[in-house]
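Chain residues, written in single-letter form:
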Amino acid sequence: AARQRRRQMDFRKHLRRAQKQNRRTSRLKNSETYFVRHTTKCSVEHETREQMWEDHRIFIHFPWDKSGNRRADSKSKNPDDYVGFRKGAIKAMKDLAKQGGYVAARFEGHHEWLVGRVPKGSKIELRKGKYRPEELTRQNLKHHNGVVVLKTLLLSDWRRIAPDKCVLLQTVQPRNGTIMRWHKAGDFVKALVLQQKPKISFDLMSHGQQEILCAEFLRSSLAKRFDLPQLDCVLCDVGRCMEDLDIFGIATDGKTIFAQDTHDSLGEVAEKLTALRKYKTRANGHFVFFCEHEKQETLNGVKIVPIQRVFKSFIATKSGKRWLNGIFPKA
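In this text the structure is predicted, and so the values were computed from the model without any measurement. (Residues numbered from 1 in each chain as written. Predicted model: local features only at pLDDT ≥ 70, side-chain atom pairs only at ≥ 80, totals over all residues. Heavy atoms only, no water.)

Caption draft 1: Main features of the packing of helix α7 (residues 207-219) against helix α10 (residues 307-314). Across the interface, α7 lies against α10 with an axial gap of 10 Å and an inter-helix angle of 65°. In terms of their interaxial angle, α7 and α10 are classed as roughly perpendicular. Considering how the two elements wind past one another, α7 and α10 form a crossing that is left-handed. Of the residues in α10, those in contact with Gln-210, Leu-213, Cys-214, Glu-216 and Phe-217 of α7 are Ile-307, Val-310, Phe-311, Ser-313 and Phe-314. Of the residues assigned to the contact of α7 with α10, the class counts are seven nonpolar, two polar and one charged. (Axes fitted to C-alpha atoms, helices over the stretch in contact; angles between N-to-C directions. Helix = DSSP H or I, 4+ residues; strand = E, 2+ residues; numbered from the N terminus. Parallel < 35°, antiparallel > 145°, perpendicular 65-115°, else oblique. Left-handed = near helix turned anticlockwise from the far one by under 90°. Contact = heavy atoms within 4.5 Å. Nonpolar A, V, L, I, M, F, W, Y, C, P; charged D, E, K, R; others polar.)

Caption draft 2: Layout of the packing of aromatic side chains. Taken as a whole, this structure holds eleven aromatic pairs when the rule is applied. Seen from their ring centres, Trp-53 and Phe-107 are 5.2 Å apart, and the 65° between their planes marks the pair as edge-to-face. Here Trp-53 is found in helix α2 (residues 46-54), whereas its partner Phe-107 is found in strand β3 (residues 101-107), with 54 residues between them in sequence. One aromatic cluster in this structure is built from Phe-248, Phe-258, Tyr-279 and Phe-287. (Phe/Tyr/Trp six-rings, centres within 6.5 Å; stacked < 30°, edge-to-face > 60°.)

Caption draft 3: Local environment of the pairing of strand β11 (residues 256-265). The element β11 is largely enclosed, with a buried count of seven among its ten residues. Where strand β10 (residues 247-251) meets β11, four bridges bridge the pair, whose relative direction is antiparallel. Along β11, the bridge assignment pairs Ile-250 with Thr-256. The antiparallel hairpin formed by β10 and β11 contains four residues in its connecting segment, where Gly-254 sits at a positive phi of about 90°. Both β11 and strand β12 (residues 285-292) contribute to a ladder of seven bridges, which runs parallel. From the neighbouring strand, Gln-260 faces β12, where its bridge partner is Phe-289. (Buried < 20%, exposed > 50% of the residue type's maximum accessible area, 1.4 Å probe, protein only. Pairing = 2+ DSSP bridges.)

Here it is as structure tokens:
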């Protein structure tokens with residue numbers, strides 16, 4: 001009887017633990033992801049920024065509100081008290097605190113990324129530090145008290161991630177701004193925080209990764225099976241540097257490949273197909289358009305290829321499996 005009671009107690013404990021984990025997973029499932037950038041160019045001294053790193057806090061420093069007071073940093077957390085990009089950044093932080101979400105933060109001077117989550121209903125806390133002395137002089141703040149006031153949020157479930165695990169995040173990292181929603185990296189950051197392997201799905205890949213997929217597919221032996229030109233070498237960076245093309249290269253038969261890819265259906269991106277066709281003035285070219293489509297066909301000299309079929313076929317190969325594991329590494 002005693003053994004049975006212990007088993008029942010162990011089962012109930014296990015059930016409560018599982019229910020708690022399910023509730024936590026449910027709460028986090030729809031949380032948004034934010035990118036935060038902390039550079040050495042800000043007015044905050046090194047020691048104060050390092051303290052934020054050690055405390056695993058993200059922060060913003062916008063000292064001037066509409067009041068015009070330059071004797072002390074503003075302590076207001078109300079976006080309406082600020083103007084321009086400052087208003088947008090404080091609103092983003094307020095939304096993050098209220099709704100909760102995942103965070104990936106870059107601290108200049110540290111190679112690692114700081115990732116974590118902000119629980120729903122968190123409070124924006126003020127933390128004090130010091131200005132860099134040269135900043136007070138540069139901004140002509142003769143009467144300022146020299147005290148930095150930071151708006152901060154504490155991360156829970158935080159981890160510091162080595163740069164080799166974050167290469168894919170760097171490819172979609174926003175170029176400007178202090179804090180912003182980061183839709184492109186949402187599921188990847190979530191997996192890092194929860195120490196899980198991201199769910200493998202074509203829909204989770206960024207557009208840049210889709211461009212690489214199509215280029216590697218054309219480079220593989222699968223291209224001939226699909227009655228497509230096999231890529232021998234590229235002539236430009238895949239995707240980024242070209243307006244109308246994603247792949248510009250030479251095929252194994254010596255002809256030039258002009259290719260474009262999109263996640264949308266053919267009917268939604270007719271203008272992209274039109275842009276690709278303007279390169280058909282070169283008679284010895286191959287023209288390929290990857291998109292959402294039911295079947296492979298040729299329209300006015302352009303081979304239309306279903307991109308989902310490309311994805312499934314490529315990841316079934318040895319090279320494709322290695323490529324996929326590189327994109328979605330184990331936690």
